[in-house]
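Summary of the model geometry
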Amino acid sequence: MFKDFINFTKNLYDQDAIPLHEPRFIGNEKIYLNDCIDSTFVSSSGKYIEIFEENIAKFTGSKFAIATTNGTSALHISLILSGVERGNEVITQPLTFVATCNAIKYCGANPIFIDVDKETLGLSPKALEKFLKDNTFIRNGDCINKTSGNIIKACVPMHTFGHPCKIDEVKKICDRFHLKVIEDAAESLGSFFKNKHTGTFGELGIMSFNGNKIITAGGGGCILTNDKFLASQAKYLTTTAKVNHQWEYNHDIVGYNYRMPNLNAALLVAQLENISNFLSSKRQLAETYKSYFKNSEITFQIEPKNSKSNYWLNAIFLADKAERDAFLQETNESGLFTRPIWTLMNKLNMFQDAQCGSLENAIWLEQRTVNIPSSVRVL
Ligand SMILES: *Cc1c(COP(=O)(O)O)cnc(C)c1O
């Protein structure tokens, strides 16, 4: 049934088995790694960490960037810095990778799930505003959930598959309801909304450099912020809350060992040097898929209005769940790694008691969305 698509994709990649997303090391990766090993600075201090932080800040237009062990730890620290405490609540979308919600739980807080827009696959400002209007009131500057009586402290919108959500509207609504915004930009390095890089709209933003992301350090992440105080706190908390001193070991609160090692940073400096190549290759691939699906029953996800997407993972929508399953079955049997979108977070054991808005779009998308091979092609 999907034979033509399978052949088309195999031709695109000229490979027999086609992964969903594999990394490309086509630049200075080995040179910098060797340099790093020769220097003996392979751990949590070294020049590549500083170079990477500087370069990623420049690329995204963020004033500060703090490198971390991964995207999840960047989220954890950002939530702490937003004042999220035990018993608080944090709004996010049900259509996300589990890390977003795990980080909320690490703080002893609980997620509230609000629907996404079909156009962006990210948090819907309309649904967010409706939920906040109907379910909350402000007391002493805090947003109080009428149902639970708890404080809703923050909101974590996510830019799904690299497509920017309507982050400017989300931010405005959150400001009105006294919520801090932490953008989960784990998937959206190189994606811009109204010419501003994703992850730079909220008080804090995070990125991931896991093996399947657009650039990778094996594992890694970073925190973005324009706030000097938050930046210094982020560095301090990720460095075991060590009080700055030339030799003394003083730690004044319980901190975390979340600093990115220099080895990973060396890899990332090289990867980031190639970002414009990666982005244009991905855009070209998306264009190719787009025209392929033009005259088909299957819909291809294009970048939303006012945005430039990195097209990290290309996505298509099948007619219904049965057709989705047939597509997954046939493509995977033929050596094409295609994957369904995540199971909705509110269906997972640990989040099934979470409060939810109406999740109409998320449910629709969960049944139909499939990611198709999206690796950067070496041409
Ligand atoms: C990859 C990812 C993360 C977590 O990143 P890690 O580096 O794997 O910890 C968080 N949120 C989203 C949406 C992701 O895709």
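Quick caveat, the model's predicted, so the values are computed rather than measured.

Conventions and cut-offs
- Residues numbered from 1 in each chain as written.
- Predicted model: local features only at pLDDT ≥ 70, side-chain atom pairs only at ≥ 80, totals over all residues.
- Heavy atoms only, no water.
- Domains from an automatic or database assignment.
- Contact = heavy atoms within 4.5 Å.
- Buried area = accessible area lost by both parts, 1.4 Å probe.
- Polar contact = N/O pair within 3.5 Å; in protein donor to acceptor, adjacent residues only side chain to side chain.
- Helix = DSSP H or I, 4+ residues; strand = E, 2+ residues; numbered from the N terminus.
- Salt bridge = Lys/Arg side-chain N within 4 Å of Asp/Glu carboxyl O.
- Pairing = 2+ DSSP bridges.

Here we look at the domain arrangement of the protein chain
When the domains of the protein chain are assigned, the result is domain 1 (3–22 + 275–345 + 355–372) and domain 2 (29–274). Taken residue by residue, the interface counts 39 residues in domain 1 and 46 residues in domain 2. The largest share of the area that domain 1 buries against domain 2 comes from I275, M345 and Q355, three residues that together contribute 23% of it. Taken together, domain 1 and domain 2 are joined by 25 residue pairs in polar contact (both at pLDDT 80 or more). For the side of domain 1 that touches domain 2, the secondary structure elements donating two or more residues are α10 (275–293), β13 (307–308), β14 (314–317), β16 (355–356), α12 (360–368) and β17 (369–372). Considering every element that reaches the side of domain 1 that touches domain 2, the biggest residue donor is α10, with six residues.

Concerning the pattern of salt bridges
Proximity of charged atoms lets side chains of opposite charge pair with each other. According to the stated counting rule, one finds 15 salt bridges in the structure shown. Across the pair R176 and E129 runs a salt bridge, and its minimum N-O distance is 3.0 Å. Of this pair, R176 sits in helix α7 (residues 167–176) while E129 sits in helix α6 (residues 125–135), and the two are 47 residues apart along the sequence. When salt bridges that share partners are traced, they join E53, K235 and R259 into one network.

Section: the sheet that holds strand β8 (residues 192–193)
If you trace the three strands from one edge of the open sheet to the other, you get β9-β8-β13, paired in antiparallel fashion. Looking at which strands have only one partner, the edges of the open sheet turn out to be β9 (196–197) and β13. Summarising the sheet, β8 and β9 pair through two bridges and their orientation is antiparallel. Within the sheet, the bridge partner assigned to F193 lies in β9 and is K196.

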